[in-house]
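Structural characterization, general
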Amino acid sequence: MMENRIPWWLELAVLALAGVAGVGLFALAEWKIVGNWGFPLDDTWIHLQFARNLSAGQGFSFNAGDSSPGSTAPLWTLLLSLAFLFPWSPILSVKVLGSFLLLANGWLTRCLARSAGLAPDWSLLAGLTVVLTPRLLWGSLSGMEVMLYAALATAGVWLHLLNWGRGPSLASTFLLALAALARPECLLLFPLTAVDRWRQEPNVRRLWSLYWRHFLLYAVVLAPAVCFNLYNTGRPLPNTFYAKVGGYGLLGAIADLDFFRMGTAFLLYPLQQSQELAQFAVENSLFLACLAPLGLLALVRPEQLREGRGSWIILLALVVFPVARGMLAPFKGATFQHGRYAAHLIPLLTVVGLMGLKLAGSLLRQGREGEWVALVRRWGKPLCWGMILLPLLVTDVKYARTYGRNVADIDRMHVSMGRWLEKHTPQGAVIATNDIGAIGFFSGRRLLDIVGLVTPEVLAYLPPGVPADRGVLSYLEAKKPDYLVILPNWYPELSTRSDLFNRVHEVVLTESTIAGGNRLVAYRTIWTEE
């Protein structure tokens, strides 16, 4: 039997070697391009600022002592706070943690593939594909929650599949609840497991008797975060949701009784999100993306039910994600910032693609014999492995350079601005800015977030449809900060108000690969002298 040919420890070793090679390639590119260790997004420094304050006993706060639900991934922030307990740089701890979580994603994808009905060698290929996917290698060193929520979501889906014939799994529910605390997009997964069970057990009373403990567990795990959000802002979700999505989703449209926006949220945004998810899948692996429709068909075939694999959870997750995100949170899509909002779908897409390959091979061989069938059986497997892995390896080399340039952008713009502010502004200065991460972490100054991620009160000045410059100016006039740091292309009117803001420092990038613009400017405000 094939199961006896590949010991589990050998599979794990193969995945680990692939992960070390991929991470090493990206780390080498970062060191060659930047010359030091950093992160490819300013948002990472937001997490680290929260984490540092938490580890120092300042509570869950960005500005020390001012509690704020400004982290979209509170579980990741809590985990990062442990990095400050060690005597070495937290940057190293975060990157090592991300690398181990990449390996965990590979192993869990291998387990998911086995539970979906793939043979051990093809399941190993699924794990290797995930470990070598460029977007996930980027995520493993990004310092963001990408690897954590992807691993938790994959583990939860795997246990749901594994226990399909035995009843709902409390461990699966617990992991999916944790995944929701690591990324709000994962809030969809547990309800989808209940819908999946409902297909199997249409009797609502029977379903409730099976699931009431699961709903209770799910609620208990999420309750502390929801209560914290309600206490600080009076709203259940992290403030980042309201800052980024605002009134642009279906809920905001209903609240405003805007029927045009309701129609857009129902029809246009889900189509846009679906198109971007398809692009996301193609960019990850063209070969597997082309096989994905067959894979979805394979998941719902009667043969799966007869083999005790009647779950549709993978199908439901892939179909519902773009629809729900388009309706409720139409902020960017699956490809935005290297797919960091849709990383948990990569293991699912990989397994679906390989299921499609399995079905295609079965259909081609059905009722046929001959020399060409023998050739396919002999060379088909190595050919398919090559068509999946070789494009990934080639893309990894290119993507490693992109990762390095992303880190360089953040280091040369945001980190350098934060260090400059630490040296050239008074200790008690208040700084208003639209990019808070590295500026807050390195400057040591109190910040006012004019986007509203950690300063909820500014959102009252930023109604939909009104230019941000005007609302931000009203807020600045009310709060009178000492300094303003902005990307001028985000606030063209503010950047020209020389009567209010005197430019004192500027960082310019020759080419921006990840930052919101190529100029970051610091201004001293007229209120500094008051």
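Note that this is a predicted model, so its numbers are computed, not measured. (Residues numbered from 1 in each chain as written. Predicted model: local features only at pLDDT ≥ 70, side-chain atom pairs only at ≥ 80, totals over all residues. Heavy atoms only, no water.)

Here we look at the overall build of the protein
A count of helices and strands for the protein gives 20 helices and five strands. Taking 530 residues into account, the globule formula puts the C-alpha radius of gyration at 24 Å, and the protein, at 25 Å, falls close to it. Expressed as lengths along the three principal axes of its C-alpha atoms, the size of the protein is roughly 85 × 55 × 45 Å. Per-residue burial for the protein yields a buried fraction of 55% across its 530 residues. Counted over contacts in the protein with a minimum sequence separation of 6, partners at least 24 positions apart contribute 72%. By element, 64% of the accessible surface of the protein is carried by carbon and sulfur atoms, the whole surface being about 23,300 Å². (Helix = DSSP H or I, 4+ residues; strand = E, 2+ residues; numbered from the N terminus. Rg over C-alpha atoms; globule rule 2.2 N^0.38 Å. Buried < 20%, exposed > 50% of the residue type's maximum accessible area, 1.4 Å probe, protein only. Contact = heavy atoms within 4.5 Å. Areas by Shrake-Rupley, 256 points an atom, 1.4 Å probe, with all protein chains shown as cover.)

Digging into the packing of aromatic side chains
Overall, the coordinates contain 24 aromatic pairs when judged by the stated rule. Between Phe190 and Tyr218, the ring centres sit 4.5 Å apart and the planes meet at 25°, which makes this aromatic pair stacked. A residue pair is termed long-range when its members are at least 10 positions apart, and Phe190 in helix H9 (residues 189-200) and Tyr218 in helix H10 (residues 204-233) qualify at 28 residues. You can call Phe190 buried: its relative accessible area is 1%. Between Phe331 and Phe336, the ring centres sit 6.0 Å apart and the planes meet at 75°, which makes this aromatic pair edge-to-face. Following the ring pairs from residue to residue traces out a cluster consisting of Phe190, Trp208, Tyr211, Phe215 and Tyr218. The aromatic ring of Phe441 is capped on one face by Arg52, whose charged end is 3.9 Å from the ring centroid. Taking the ring centre of Phe331 as reference, the NZ or CZ of Lys332 above it sits at 6.0 Å. (Phe/Tyr/Trp six-rings, centres within 6.5 Å; stacked < 30°, edge-to-face > 60°. Lys NZ or Arg CZ within 6 Å of the ring centre and 35° of its normal.)

With respect to the packing of H9 against helix H16 (residues 313-328)
Helices that pack against each other are described as a pair by the angle of their axes relative to one another and the distance between those axes. Following both chains from N to C, one finds H9 and H16 inclined at 130°, their axes separated by 10 Å at the closest point. On the basis of the axis angle, H9 is oblique to H16. Here the hand of the crossing between H9 and H16 comes out right-handed. Residues Leu189, Leu192, Thr193, Val195 and Asp196 of H9 form the contact with H16, whose participating residues are Ile313, Leu316, Ala317 and Val320. (Axes fitted to C-alpha atoms, helices over the stretch in contact; angles between N-to-C directions. Parallel < 35°, antiparallel > 145°, perpendicular 65-115°, else oblique. Left-handed = near helix turned anticlockwise from the far one by under 90°.)

Here we look at the pairing of strand S1 (residues 430-433)
On a regular strand, one side chain projects to one face of the sheet and the next to the other, so that they alternate. Of the two faces of S1, the one carrying Val430 and Ala432 and the one carrying Ile431 and Thr433 are both buried. Of the pairings in the sheet, the one linking S1 to strand S2 (residues 446-449) comprises four bridges and is parallel in character. Directly across from Ala432, in S2, lies its bridge partner Leu448. Of the pairings in the sheet, the one linking S1 to strand S3 (residues 483-486) comprises three bridges and is parallel in character. What sits directly across from Thr433, in S3, is Val485. (Pairing = 2+ DSSP bridges.)

Focus: the environment of Gly143
If you trace the backbone, Gly143 turns up in the loop between helix H6 (134-140) and helix H7 (146-162). Note: C-alpha distance between Gly143 and Leu41 (102 residues apart in sequence) is 8.3 Å. What Gly143 contacts, discounting residues up to four positions off in sequence, is Phe39, Thr44, Trp76, Leu80 and Val94.

Quick word on the nonpolar core
Of all hydrophobic cores here, the largest spans 114 residues; its most connected members are Phe26, Trp45, Leu136, Ile314, Leu345, Leu348 and Leu354. It is H7 that contributes the most residues to this core, 12 residues altogether. In this structure Ile314 touches Leu112, Val157, Leu161, Leu299, Leu348, Val351 and Val352, once residues within four positions along its chain are discounted. Grouped together as the second largest cluster of nonpolar side chains are 44 residues, Ala243, Met413, Ile439 and Val507 included. (Core = buried A, V, L, I, M, F, W, Y, C linked by side-chain atoms within 4.5 Å.)

A look at the side chain of His414
Of note, His414 is situated in helix H18 (residues 371-424). Accessibility expressed as a relative area gives 2% for His414, which makes it buried. Polar contacts involving the side chain of His414 include one to the side chain of Asp435, which spans 3.0 Å. Look past the residues within four positions of His414 in its chain and what remains in contact with it is Asp42, Asp409, Asp435, Ala438, Ile439, Ala515 and Leu520. (Polar contact = N/O pair within 3.5 Å; in protein donor to acceptor, adjacent residues only side chain to side chain.)

Thoughts on the pairing of strand S5 (residues 519-525)
In terms of burial, S5 is largely enclosed, as five of its seven residues are buried. In this sheet, S5 lies alongside S3 in antiparallel orientation, the contact comprising four bridges. Bridging from a neighbouring strand, Val485 pairs with Ala522 of S5. Of the pairings in the sheet, the one linking strand S4 (residues 501-508) to S5 comprises seven bridges and is antiparallel in character.

Comments concerning the sheet that holds S4
Reading across from one edge, S2-S1-S3-S5-S4 is the order of the five strands in this open sheet, with mixed pairing throughout. The sheet is open, and its two edges are formed by S2 and S4, each paired on a single side. Ignoring which end each strand starts from, the neighbouring axes of this sheet average 25° apart.

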